Amino acid sequence: MTAHRHLLDIADLGGRAGIDEVMRLTDSFVEVSERPIPRVPALRGKTLAWLFYEDSTRTRLSFETAAKRLSADTMNFSVSSSSVKKGESLRDTAKTIEAMGIDAIVVRHASAGAPHRIARWVDASVVNAGDGWHEHPTQALLDCYTIRQHRGDLAGQRIAIVGDIKHSRVARSDVWAFTAMGAEVVLVAPPTLLPPSLDGWPVKVSHRIDEVLPTVDVVYLLRMQRERMTEALVPSLREYTATFGLTNQRVELLRDDAMVMHPGPMNRGVEIAAEVADLPRSVILDQVRNGVAVRMAVLYLLLGAGTDRVPEVPPPTPEPLAPTLELPRA
Amino acid sequence: MPESSSLVLKGGRIIDAAGERTGDVVVVDGRVTAVGADLTADRVLDATGCIVAPGLVDVHSHLREPGMEEAETVETGARGAALGGYTAILAMPNTTPAIDSAAVVRQVLDLGRTAPCDVFTSGAITVGRAGEQLAPMAEMAALGVTLFTDDGAGVQDNGLMRRAMEYAQGLGVSLAQHCEDDALCGGGHMHEGEWSARLGLPGQPAEAEELMVMRDIALARLTGCRIHFQHMSTARSVAMIRDAIAAGLPVTAEATPHHFTLTHAACATYDPVFKVNPPLRTAEDVVAVKAGLADGTIAIIATDHAPHTAETKELPFDQAPPGMLGLETALALALTELDLPVQQVLAALSWNPAAAIGIAKTHGRPVAEGEPANLCVIDPEVTWTVDGATMASRSTNTPFQGRELRGRVRHTLLFGEPVVIAGEPQR
Amino acid sequence: MAERERRQAPPYGGVFAPRTRVMDSDDVQRAVWRMAHEIIEANQGIDDVVLVGLQTGGLPIADALASALASIGGHEVLVGSIDVAFYRDDIGLRPVLPEAVTHIPWPLDGRTVVLCDDVLFTGRTIRAALNALSDYGRPRAVQLAVMIDRGHRELPIRPDFVGKNLPTRRDEVVDVHSDGVDLGEMIR
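Note that the coordinates shown come from a computational prediction; the quantities given were computed from them, not determined experimentally.

Participant: Just checking my understanding: could you explain the overall build of chain C for this structure?
Facilitator: Looking only at helices and strands, chain C features 4 helices and 8 strands. Sequence-ordered secondary structure for chain C, helices as α and strands as β, is α-β-α-β-α-β-β-α-β-β-β-β. For 188 residues, the compact-globule formula gives about 16 Å, and the C-alpha radius of gyration of chain C, at 16 Å, lands near that figure. Considered along the principal axes of its C-alpha atoms, chain C spans approximately 45 × 35 × 25 Å. Split into buried and exposed, the 188 residues of chain C put 43% on the buried side.

Below is the structure:
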């Protein structure tokens, strides 16, 4: 089992083996969450800090619940833009938090790379809860878990990710996580919503959702943000919905056993029709539910060593083996 | 007034525009008085194993004064320059206020008078560098400014740039351009390509630079005005300049050491020390820049020395300001990274830039009797490790932190005065 | 075995090299039968008795005891499993990964839980199991059945039902498996 210090990118888990480890741990934490007393002392005495520069009640509560179920203590430094001076050194903020005796900092920031910088400056573990357009590793892990839960091993499954890939940290983490687990990924978006270069991305691309939907096991919808309208990326939300939205008509194109996923929050009527979100094939609420157990697994992996003591039993010193036959002397 | 005393640079080999030869160099009263074997003087500066060359000239330094003195001052910038072998530097006008009037020009020149390097300044092309109205170039030219640029930004308006070029030509001054089309840049913080896609950072495409290079070449053709392209970074920019020069157009170009050494892969750690405008580009672009330096398309190496305080560089990548230190590492990088004869490297660092800004009468001179003694003594073999904390700059933002380089300045003479002796600044 | 986790945790890791067969499979079977009778005797029947095997070495013991109890007592006994990874505090450098999921799908209140494990050593695993059990409810009593008690206790824990008492050195290793019980050591 590899030791982990940070979870900044999906790549930090070291490929399929690492993600599998998280999946198995999550099974255990799902069981813990279903107990009469859903709590284990695994992180007793550890303190976690939430450093959320971007508002996110949902993700923060998910981490908070995970921490509490592991018996950890928490401190909240979530900052709305008014309480943090613009331009206050990220380093100073991180160091101040660490000085209070923190074992891990969970960071969400509008700037890609902010958790990576913090990880350079502190001894604590750093968990990336979303950095700009870059990655959102715990989201991808709960997505993997949800797919595995409903459809088994991801290897060989075909997953379409639809929407604003360019600006999506969820999409990036999902691409790396799904492909590491052996799934085939198709990105479906207009060219303006794709990253400038897909060199080295192990994905296929399509601009035609109707051709892709009948061929996939999972369709993963990304939020289409209204803010994007000012950037001339798509002519209008209506046009986006007509060409890429999972409408009531389009959902009929999916195979009977295909699943619909969304990281939330949904723009009902834009990327997903209101009724589609509530179909049995939409596992969006399962994603949220699994989020707590997945985050417990991540926090346990990063912080769950008892202490840094060497175990009590000293290294075994092997007794000399039974005497071998002596060779006759000449 | 100190008594005239003589100084000899002993045991080195001289490389200048005239060629390469061994010889001691005697300096009296600010001038070279003798060059030859076994010379003596009151004071000896050891140059054994070293190259004696005309002092380097940087046509692109941000000295941050007035307005941003926490990052650098004219004095600290000049000290770093002297340590890097520079005897002349040209300040860029993106200060606060901008250097867009005689008053600010005068202020910068005054600050430079006591500096350990000959400090010149450029002037802005437009008032406040806002790109709307021409700045009073004539009044600045009257104070000796020979080069005008809005550096930090490019002049966006095509019509305005044309007028600026025509006007400049009338005055006999040069214009230089920081080529960056704002609309195409779209708020990009690094090169738009496979790294920006993977890192999730908005990027600016190579075309944001190339579009303005293309435009200014066309305007140079239209107006006949000289245009100097600053910090060229892309393969196609270099190619267009090559063609323009071949077509006889009055076009020159410079490149920075970071653009012939580093690529956009360096940004993978999200360390804003690697954030710069124009951004670090692809490996192919680096190859093309080196080729441009090799075949003379790019005749000048300039540092674009851009100090920033630690606090500003400790912000997330997209919030941090772009820019890197350069004065103390340029020579070593040029000697280490470019596979070129030393004389050609020195041409790009010394006499070519001197000519570009009209100071060729005092800087970049041949090492010969009667010439002003603006010289540097370079040990080409010594290895040293770059450490931003020990540099003369007020700031420490060097992307080469911890890197081992070969080649370092031992002594620097400014009009005969040793401002650097054995790697130590004298003032 | 009690050392299983230690084997996985660095800097250990290695291969078990058996030296002596302490019990063969017949010995184990006889011990199981005797322990089953002892459980019935101690609890005056097995009406409210449930077996909980510690992952993973205690599961075969729990299953074997359940079979024996069923044969003797005439009715099935509930068997569950518990992984105490999250309750350990003595492993040191790395988090302990659960080998398998805990499965206790019935209420424990008012019942007698017989914890089953293969080897009792320092007692820390059992203490962790007691903590874990308390998160599932409040049993009337908890008893401990182990195949081998090898001594070297570090906590005041004692077994109620023992297959065999086996004095050992600290650095020796005891392995309980399908063909019997071996004493040996770890070879790096």
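Read on, since the account is not over.
Participant: What should I look at first to understand the domain arrangement of chain A in this one?
Facilitator: Much of the literature gives interface size as the accessible area that the parts lose upon coming together. Residue and element names in this part refer to chain A. Examined at the domain level, chain A breaks down into domain 1 (10–135 + 290–303) and domain 2 (137–286). Relative placement of domain 1 and domain 2: their C-alpha centres are 25 Å apart. At the interface, 22 residues of domain 1 touch 22 residues of domain 2. Looking at the side of domain 1 that touches domain 2, the elements with two or more residues in it are helix H1 (16–33), strand S4 (125–131) and helix H10 (284–303). Residue composition of the side of domain 1 that touches domain 2, grouped by class: 9 nonpolar, 8 polar and 5 charged.

Participant: Mind showing me how you'd approach helix H4 (residues 124–134) of chain C here?
Facilitator: For an α-helix, the turn length of 3.6 residues means that residues three or four places apart are oriented alike. Along H4 of chain C, the positions that sit buried rather than exposed are Arg 124, Thr 125, Ile 126, Ala 128, Ala 129, Ala 132 and Leu 133 of chain C. Packed against the buried residues of H4 of chain C are strand S2 (49–54), strand S3 (78–82), strand S4 (112–120) and strand S5 (141–149) of chain C.

Participant: Looking at this model, I keep getting lost on the interface of chain A and chain B. Mind explaining?
Facilitator: In this complex, chain A contributes 22 residues to the contact, which on the side of chain B involves 18 residues. Mapped by element, the contributors of at least two residues to the side of chain A that touches chain B are helix H3 (90–99), helix H4 (114–121) and helix H6 (169–180) of chain A. A per-element tally of the side of chain A that touches chain B places H4 of chain A first, with 3 residues. Among the residues making up the side of chain A that touches chain B, the classes are represented as 7 nonpolar, 10 polar and 5 charged.

Participant: Whenever I open this one, the sheet that holds strand S8 (residues 56–61) of chain B confuses me. Can you help?
Facilitator: Paired through their backbone hydrogen bonds, the strands of a sheet run either parallel or antiparallel. Residue and element names in this part refer to chain B. Spatial strand order, S8-S9-S10: 3 strands in an open sheet with parallel pairing. The open sheet is flanked by S8 and strand S10 (118–121), the only strands paired with a single partner. Going across the sheet, the axis of each strand differs from the next one's by a mean of 20°, ignoring polarity. The strands touched by helix H1 (residues 74–83) within the sheet are S8, strand S9 (86–91) and S10, with S9 carrying the most contacts at an inclination of about 140°.

Participant: Would you mind going over the sheet that holds strand S5 (residues 158–162) of chain A with me for this structure?
Facilitator: All names here are of chain A. A sheet is described by the order of its strands in space; here 5 strands give the open sequence S7-S6-S5-S8-S9, paired in parallel fashion. Because the sheet does not close on itself, it has two edges, and the strands there are strand S7 (204–206) and strand S9 (259–261). Neighbour to neighbour, the strand axes of the sheet diverge by 20° on average, direction disregarded. In this sheet, strand S6 (residues 184–188) lies alongside S5 in parallel orientation, the contact comprising 5 bridges. Paired with Ala 160 across the strands is Val 186, a residue of S6.

Participant: For this particular structure, what's the right way to read the packing of helix H7 (residues 207–223) of chain B against helix H8 (residues 235–246) of chain B?
Facilitator: Between two packed helices, both the angle of their axes relative to each other and the distance between the axes serve to describe the pair. Residue and element names in this part refer to chain B. Relative orientation of the contacting elements H7 and H8 amounts to 10°, with a least axis distance of 9 Å. Classed by the angle they form, the pair H7 and H8 counts as roughly parallel. Contact residues: H7 offers Glu 209, Glu 210, Val 213, Met 214 and Ile 217, while H8 offers Arg 236, Ser 237, Met 240, Ile 241 and Ala 244. Looking at the contact of H7 with H8 residue by residue, the class counts come to 6 nonpolar, 1 polar and 3 charged.

Participant: Teacher, can you tell me more about the nonpolar core here?
Facilitator: Soluble globular proteins tend to bury their nonpolar side chains together. Membership of the largest hydrophobic core comes to 288 residues, with the highest contact counts inside it found for Ile 105, Cys 144, Ile 161, Val 162 and Val 219 of chain A, Val 52 of chain B together with Leu 65 of chain C. Counting residues per element, this core draws most heavily on H10 of chain A, which supplies 12 residues. Counting contributing residues per domain, this core is built from domain 1 (10–135 + 290–303) and domain 2 (137–286) of chain A, each supplying no fewer than three. Among all residues touching Cys 144 of chain A, those that are not within four sequence positions of it are Ile 19, Met 23, Leu 154, Ala 177, Phe 178 and Met 181 of chain A.

Participant: When you look at the pairing of strand S2 (residues 13–16) of chain B in this model, what are you seeing that I'm missing?
Facilitator: Moving residue by residue along a regular strand, the side chains alternate between the two faces of the sheet. Residue and element names in this part refer to chain B. In this sheet, strand S7 (residues 51–54) lies alongside S2 in parallel orientation, the contact comprising 2 bridges. Residue pairing for S7: Ile 14 is matched across the bridge by Val 52. Of the strand pairs in this sheet, S2 and strand S3 (residues 19–22) are connected by 4 bridges, and their pairing is antiparallel. Each bridged residue has a counterpart across the sheet, and for Arg 13 the counterpart in S3 is Thr 22. Linkage of S2 to S3, two consecutive antiparallel strands, is achieved through a turn of 2 residues.

Participant: Is there a simple way to think about helix H5 (residues 137–151) of chain A in this case?
Facilitator: Residue and element names in this part refer to chain A. Spanning 15 residues, H5 covers 21 Å between terminal C-alpha atoms, matching the ideal 21 Å at 1.5 Å per step. The buried fraction of H5 is high, at 11 of 15 residues. Contacts from the buried residues of H5 go to H1, S4, H6, strand S8 (218–221), S9 and H10. Count one or two residues on from H5 and you reach Gly 152, which has phi positive near 80°.

Participant: It is not clear to me how the pairing of strand S20 (residues 417–421) of chain B should be interpreted in this structure. Could you clarify?
Facilitator: All names here are of chain B. In the sheet, strand S19 (residues 404–414) pairs with S20 via 3 bridges, with the strands oriented antiparallel. Residue pairing for S20: Leu 413 is matched across the bridge by Pro 418. Hairpin remark: S19 followed by S20, antiparallel, with 2 residues in the connecting loop; positive phi at Phe 415, about 45°. Between S20 and strand S21 (residues 424–425), which follow one another and run antiparallel, lie 2 residues, and Ala 422 among them has a positive phi close to 50°.

Conventions used here
Residues numbered from 1 in each chain as written. Chains lettered and ligands numbered in written order. Predicted model: local features only at pLDDT ≥ 70, side-chain atom pairs only at ≥ 80, totals over all residues. Helix = DSSP H or I, 4+ residues; strand = E, 2+ residues; numbered from the N terminus. Rg over C-alpha atoms; globule rule 2.2 N^0.38 Å. Buried ≥ 20, exposed ≤ 12 C-beta atoms within 10 Å, placed from the backbone. Domains from an automatic or database assignment. Contact = placed C-beta atoms within 7 Å. Nonpolar A, V, L, I, M, F, W, Y, C, P; charged D, E, K, R; others polar. Pairing = 2+ DSSP bridges. Axes fitted to C-alpha atoms, helices over the stretch in contact; angles between N-to-C directions. Parallel < 35°, antiparallel > 145°, perpendicular 65-115°, else oblique. Core = buried A, V, L, I, M, F, W, Y, C linked by C-beta atoms within 7 Å. Expected span 1.5 Å × (residues − 1).

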